[in-house]
Amino acid sequence: MTSGLWELVLKGVWVTIQLLALGTLLATAVSFVVGIARTHRLWIVRFLAGFYTEVFRGTSALIMIFWVFFVLPITFGWQLVPLWAATLALGLTYGAYGSEIVRGALNAVDPAQREGGIALSFTPWQRMRLILLPQAVPEMIPPFSNLLVELLKGTALVSIIGMGDLAFSGNLVRLALQESAGIYTYVLLIYFVIAFLLTRGMRGLERKLKAGVGKRSGGATRAPEPVAVEAVR
């Protein structure tokens, strides 16, 4: 390939990384807000969070991108640029899946830890911040790692609205060179390298977080002291 075509591919990689970073930030925020809401003591909060989750898990990410980019301007009268439209659609969609990860990890915390927080007169927010989340977050990392890779692969959908991401740029290069096998092999390898780096980074984060609560990456606890007691100290 010529230097100009390589530059086009690199620009596509940069757009994909931008979309991945922005989508991850939004999806993470949505995951924790909705996931925590699904464990709320008020049924109406749980119902609304569950309704959101079911709606976005039950719809296609591709159609959601179409809806945000084409239908939203008709409905509300304002147009999002492709990057922000794609970020919103992907973040809300994958955030719905992430909320189930958060809910499951919170519910998996030993009930005795919750009871310990109540006995210590912690408020619900203190119990969540000092007891539940420190124990639940390390367990969220492996499924969140898989979700992050899925989000990376989902970024290829945005080429349908004309965003110059990696998939879109790779297709332009294919058309210019009239060669499919070599170009798409390069694109696959680039996606693989990004995904590999993401999973390695998430594994390192998992080890660090588990070490912070006295666990090894295999899940064995190193110290029997409950987090509730450590939080008071």
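Residues numbered from 1 in each chain as written. Predicted model: local features only at pLDDT ≥ 70, side-chain atom pairs only at ≥ 80, totals over all residues. Heavy atoms only, no water.

Draft legend 1. Just the environment of V68, in detail. As for its placement among the helices and strands, V68 is situated in helix α3 (residues 61-76). For the pair V68 and A211, spaced 143 residues apart in sequence, the C-alpha to C-alpha distance is 41 Å. In contact with V68, other than residues within four places in its own chain, are P73, L80, A85, L88 and A89. (Helix = DSSP H or I, 4+ residues; strand = E, 2+ residues; numbered from the N terminus. Contact = heavy atoms within 4.5 Å.)

Draft legend 2. Helix α6 (residues 124-154), seen in detail. The first and last C-alpha atoms of α6 sit only 36 Å apart over 31 residues, clearly below the 45 Å expected at 1.5 Å per residue. Where α6 bends most, the angle comes to about 50°, and this point is L132, followed within four residues by the proline P134. (Expected span 1.5 Å × (residues − 1). Bend = angle between axes of the 7 residues up to and from the residue.)

Draft legend 3. Layout of the pattern of salt bridges. Evaluation of the coordinates by the stated rule reveals seven salt bridges. Residue R103 pairs with E100 through a salt bridge whose shortest N-O separation is 3.1 Å. Highlighted residues: R103 and E100, both in helix α4 (residues 82-107), separated by three residues, approximately one helical turn. Under the relative-accessibility criterion, R103 is labelled partly exposed at 25%. Of the charged contacts, one joins K210 and E139 as a salt bridge, the two residues approaching to 4.0 Å between their closest N and O atoms. Of the two residues, K210 sits in helix α8 (residues 181-212) while E139 sits in helix α6, which places them 71 residues apart along the sequence. Each member of the salt-bridge network shares a partner with another, and the members are R38, E100 and R103. (Salt bridge = Lys/Arg side-chain N within 4 Å of Asp/Glu carboxyl O. Buried < 20%, exposed > 50% of the residue type's maximum accessible area, 1.4 Å probe, protein only.)

Everything listed here is a matter of coordinates, which is why it stays silent on function.
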